[in-house]
Every structure is written in structure tokens, then in C-alpha cells.
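Chain by chain, the residues run as shown.
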Amino acid sequence: MVSSIGVTTCPRGQPGQPSPEVHWAQCRAAGRQKGLGLLYSALVRPRPEYCEQLRAPQGEKDLRVATTCPEEGNKDAERAMAVTILVWVLQQLILNVRVVGDERDEARRDHSSFPGLGSRFGIGSTMEGWSPSEENIIYRVLVSLIPPYGHAFLPELCNPGETPERNFRIRVELVCTCKTEQLVGDMLCFIHHDEEEQRRNRGPSLLQTVCTGSYLDVQKTACRFHQLVKACWVVLPHSRRWRLTMLPCNRSCKFKMAKAEEEIIIEIMLGVQQGNSDIFLSSQASEALFTPSTTWTSSCAVAEAKFFERLARRAPDGSFHLRCLQLCARILVGTGFSEYALKTVVMHLLNTTPLSGWHRTHFLLRLDDIMRYLCHCLEEKRLDHFFFGNEKIPEEIVLPPALQRAEPFNLFQHLAQDPDAQAQAMREFTDMQDRLTRMLANDN
């Protein structure tokens, strides 16, 4: 809970810890000349080992790492600090800061009108450390949603029998809380109390705020999340130097933070965890031309981030696996190949090639492996999804049983169904080879 603008209660409940903005000022006054540490490296020079825990709060260590002062005049560090502040805003949301000011009654009543916020995860190419672009970088974070008091989330397949299981709806059910009410005293059960009495003493339920019918609505939830972030942002001293602008986006929360000529874009995806696995039902749109607002798509983004984190912990010094992926991603521009398909190819190779083989001295050999693997997949018109039915997934990555048992999902199914598309893909692959050759020659 925010006790003042400058002083907060830290994630482990220890009062008196300064906010990132106040600590920043203290560091500058003391003339300290240190890097921003793990979070600076994660956001400015992204590498998976530094992105390992953009997750649930971990107490004093998080605050200390997140607020270490960067070098004077370091613009990249200034940008990273701005993103750090936004992450801190999310921290306050996770600590259930619902309103600004002293509206405590409203905050209590609003407790069940929006999902709780759980762990957060850095996802996507920037956070994994291989973003192909040096400009217009988007920092992506997935924030997990938790059913509030008196509610339960029940995922349902949109199309029962669909393989693979990709599209879900999340049914929201009210849960009897009469026993808890007897202990707490001021929390009314949504099922067994008069609706008018609930509104007067507790406020609306989740079903009445961010649901369509009985199902959690992506667009309504994203819109409400926007409002929460705006409410928290205005109390931060940092907001006087940086402007927070909401960018149009129906199914996620996208923000632009701007100061003078500096701009940072952050996209926040929302998701509901499947059991205790690393697979989430996310707010990301499906591949269909139209995605209903009550459809949540199965996402492996967190599992993929964990895969790269694991590699970063195990990789020897001088490993170039991220550089290989980054370089190959750059030659995709203007082709029909997706970054995800290329990423899948590299993940398969990383899972079968010893990490010692990805040292910089083997750089050209690994690039050749990537291109050969991709060429073989194009000829066979088959590229298996990395997680579906893969028996060689590292133990640290937890998958739902249904996904573990699933038949391998072919990412190149469209090529198998359309000979013309396959012929076009082969021509584009030849162009990519030529582009890679020229790029390597120029570097030399």
C-alpha cells in the first residue's frame, strides 16, 4: 500500500523502503556511478540471464537491483529507468492499489470487480535477448490474472475436439464465501446475499464489470487495466518528467513513455495460467481474421522465455546462440517467413546441439545448421511446434498433460496444403541465403 508518494511498503511488508524515484535521487546526490544492474541489462542490453525474474516480487533484492543508479549522462540507462518505474507501477497494482488518494471504502468495494494480478514475465524477442531491430523496440510483459475473492476461473475450449487446443473461453463462476464471511465479518457472499445489499456494501462482482455474459472479456479487462495503470501513474514523481500515453490496442495494454526525444513502448499482455504450468491463456489475438472478445488463446511465451533463461544459465562464456538467432531474424524482412518459425527452428537445434557447440568459434557452422534445418523443413513441408508432443522438453518447463500428450503440431501445414505457397517459400529461402551471405561478407 502506498503510504506516501515517496515511501512504500516493500513486497515483503517492510515499511520505509524508498520508491525507485526517491532512491534514484539519493543515488545521484551521492554521486554513485554504477550500472542499473540486472534490470538495466534486461531492458537495454537484453539477455535472458538478466530477464530471469520479471516475475512476482522478491522483496528487498528486487528493490535494490531495480533502483541502482546508472552512470551520469547514460541515455540508455535513463530509458531503462523509465521502464523500471513502469514495472514498479505494476508492483503497486499487484499489491492491490486500486484507487488514488484516501478512498479506502471504494478500494475495498472495488476488490472483487477486477481480477487479482499475479506473477509477471518478460516475454518476446527483446526480453529473450535477440530482438532483430535496434529501433522501435517493444518491451513485452505478460501479467497473470487471478480470480478475485468469491470467484473462480473455469477454462473451456471454444471448439471441443479441436487439435491442437488453442482457443479457450474463461467462464467466471461465483463461489460461496459464507464460511469466510463468518470469520472476516464485512465480506458478503455474492451467492447468498441480496444483490442490492452487495452493491451497497461491496460493489459489483467481476461478472458485472469485465465479463460478457458468464465469460471473461479480453477487451473489457484490457480497458480496465489501462485505467488502473493511469490511476497509479499519476502519483509517481517520475510522471512529471515522462509522459505516459495509452496506445490503441483492443486486446492488450500498450503504452508509450516519452521524454524530450526519448520514447519507450511497452506492451502488457494479460493471461490466465493453465493449472501450475508455464502455459497461459493470453489476451493475444488468434491467427483467425476475427477473434471474439471472449476468446483467450493458448500461449507458450512464458515457457519459451524459461527455455532461453535455462540456456543462459548453462551456456559457457562466448556463447553466440542469441546472435545467431538475431542475425537470421534480420534476413526475414520482406519475406513470408515469421520470426516464430525461425525461433522454433533454433529452439529445436538448441535442444539437440551441445551448448559448447554454440561458441563464437562455431558461429558460421551454427548459421549453416539453421539454414539447412529450415531448408529441410520447407522441402518436407513440416516444422513441428517445439512444445506440442515434444518428449525432450527440459524438466524445468512445466506443460499441461494435454499438451504433453498432443500430436506434434505442424507450423508449415499451410505449405502442405498449397503447392504454390511452398514454391514461393523456397524462392524466398534462396533470397534469404543470398542476403545472409552478403551480410556476413560486409561484416568482414
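The structure reproduced in this document is the subject of the present report.

**Considerations on the overall build of the protein chain**
Here is step 1: When its secondary structure is counted, the protein chain shows 16 helices and 13 strands.
Here is step 2: Here the protein chain, with 444 residues, has 49% of them falling under the buried criterion.
Here is step 3: Residue pairs at least 24 apart in sequence account for 68% of intrachain contacts in the protein chain once pairs closer than 6 positions are excluded.
Here is step 4: When the accessible area of the protein chain is evaluated, it comes to approximately 21,200 Å², of which 49% is carbon and sulfur surface.

**Points about unusual backbone geometry**
Here is step 1: A positive phi angle, near 55°, is found at Lys381, a position not held by glycine.
Here is step 2: On the secondary structure map, Lys381 appears in the loop between helix 13 (363–380) and helix 14 (401–405).

**Observations regarding the pattern of salt bridges**
Here is step 1: Applying the stated criterion across every chain, the model contains twelve salt bridges.
Here is step 2: Residue Glu263 pairs with Lys256 through a salt bridge whose shortest N-O separation is 3.7 Å.
Here is step 3: Given the relative accessible area of 44%, Glu263 is considered partly exposed.
Here is step 4: Since its relative accessible area comes to 22%, Lys256 is described here as partly exposed.
Here is step 5: Each of the salt bridges in this network shares a partner with another, and the network as a whole consists of Glu128, Glu304 and Lys343.

**Concerning the side chain of Thr297**
Here is step 1: In this fold, Thr297 is placed in strand 13 (residues 296–299).
Here is step 2: A distance of 2.8 Å separates the side chain of Thr297 from the backbone oxygen of Gln284, its partner in a polar contact.
Here is step 3: Apart from the residues within four sequence positions on either side, Thr297 is in contact with Arg166, Asn167, Phe280, Leu281, Ser282, Gln284, Ala285 and Ser286.

**A word on the packing of helix 11 (residues 321–330) against helix 13**
Here is step 1: At a minimum axis separation of 10 Å, helix 11 and helix 13 run at an interaxial angle of 50°. Comparing their axes, helix 13 and helix 11 come out oblique. Considering the relative orientation of helix 11 and helix 13, their crossing is right-handed. Across the interface between the two elements, Arg323, Cys324, Leu327 and Cys328 from helix 11 touch Phe363, Arg366, Leu367 and Ile370 from helix 13.
Here is step 2: Class assignment of the residues belonging to the contact of helix 11 with helix 13 gives a composition of six nonpolar, no polar and two charged.

**Some remarks on the packing of aromatic side chains**
Here is step 1: Across all of its chains, the model carries seven aromatic pairs by this definition.
Here is step 2: Considering the side-chain rings of Phe386 and Phe387, the 5.0 Å spacing of their centres and the 85° angle between planes classify their relative orientation as edge-to-face.
Here is step 3: In this structure Phe386 comes out as buried when scored by relative accessible area, which is 2%.
Here is step 4: Here the aromatic cluster, defined as three or more aromatic residues joined through ring pairs, consists of Phe307, Phe308, Phe386 and Phe387.
Here is step 5: Arg169 extends its terminal NZ or CZ atom over the ring of Tyr215, reaching a point 4.2 Å from the ring centre.

**Re the pairing of strand 9 (residues 243–247)**
Here is step 1: Two elements, strand 9 and strand 10 (residues 253–259), share five bridges in a ladder whose sense is antiparallel. Directly across from Leu247, in strand 10, lies its bridge partner Lys254.
Here is step 2: The hairpin turn running from strand 9 into strand 10, its antiparallel successor, is five residues long.

**Observations concerning helix 12 (residues 339–352)**
Here is step 1: Taking 1.5 Å per residue as the helical rise, helix 12 with its 14 residues ought to reach 20 Å, and the 20 Å between its terminal C-alpha atoms agrees with that figure.
Here is step 2: When you tally the buried positions in helix 12, you get ten out of 14 residues, the bulk of the element.
Here is step 3: Contacts from the buried residues of helix 12 go to helix 6 (124–128), helix 10 (301–314), helix 11 and helix 13.

**Remarks on the environment of Ser252**
Here is step 1: Summarising the element assignment, Ser252 is placed in the loop between strand 9 and strand 10.
Here is step 2: Along the backbone, Ser252 and Ser283 are 31 residues apart, and their C-alpha atoms lie at a distance of 6.2 Å.
Here is step 3: If near-sequence neighbours (up to four positions away) are discounted, Ser252 is found in contact with Ala222, His226, Glu267, Ile268, Met269 and Ser283.

**Observations regarding the packing of helix 10 against helix 12**
Here is step 1: Interaxial distance between helix 10 and helix 12 falls to 12 Å at its minimum, and their mutual angle equals 40°. Put simply, helix 10 runs oblique to helix 12. Crossing of helix 10 over helix 12 shows left-handed handedness. On the side of helix 10, the interface is formed by Glu304, Phe307, Phe308 and Leu311, while helix 12 contributes Tyr340, Lys343, Met347, Leu350 and Asn351.
Here is step 2: Residue composition of the contact of helix 10 with helix 12, by class: six nonpolar, one polar and two charged.

Each value, and the rule that gives it
- Residues numbered from 1 in each chain as written.
- Predicted model: local features only at pLDDT ≥ 70, side-chain atom pairs only at ≥ 80, totals over all residues.
- Heavy atoms only, no water.
- Helix = DSSP H or I, 4+ residues; strand = E, 2+ residues; numbered from the N terminus.
- Buried < 20%, exposed > 50% of the residue type's maximum accessible area, 1.4 Å probe, protein only.
- Contact = heavy atoms within 4.5 Å.
- Areas by Shrake-Rupley, 256 points an atom, 1.4 Å probe, with all protein chains shown as cover.
- Salt bridge = Lys/Arg side-chain N within 4 Å of Asp/Glu carboxyl O.
- Polar contact = N/O pair within 3.5 Å; in protein donor to acceptor, adjacent residues only side chain to side chain.
- Axes fitted to C-alpha atoms, helices over the stretch in contact; angles between N-to-C directions.
- Parallel < 35°, antiparallel > 145°, perpendicular 65-115°, else oblique.
- Left-handed = near helix turned anticlockwise from the far one by under 90°.
- Nonpolar A, V, L, I, M, F, W, Y, C, P; charged D, E, K, R; others polar.
- Phe/Tyr/Trp six-rings, centres within 6.5 Å; stacked < 30°, edge-to-face > 60°.
- Lys NZ or Arg CZ within 6 Å of the ring centre and 35° of its normal.
- Pairing = 2+ DSSP bridges.
- Expected span 1.5 Å × (residues − 1).

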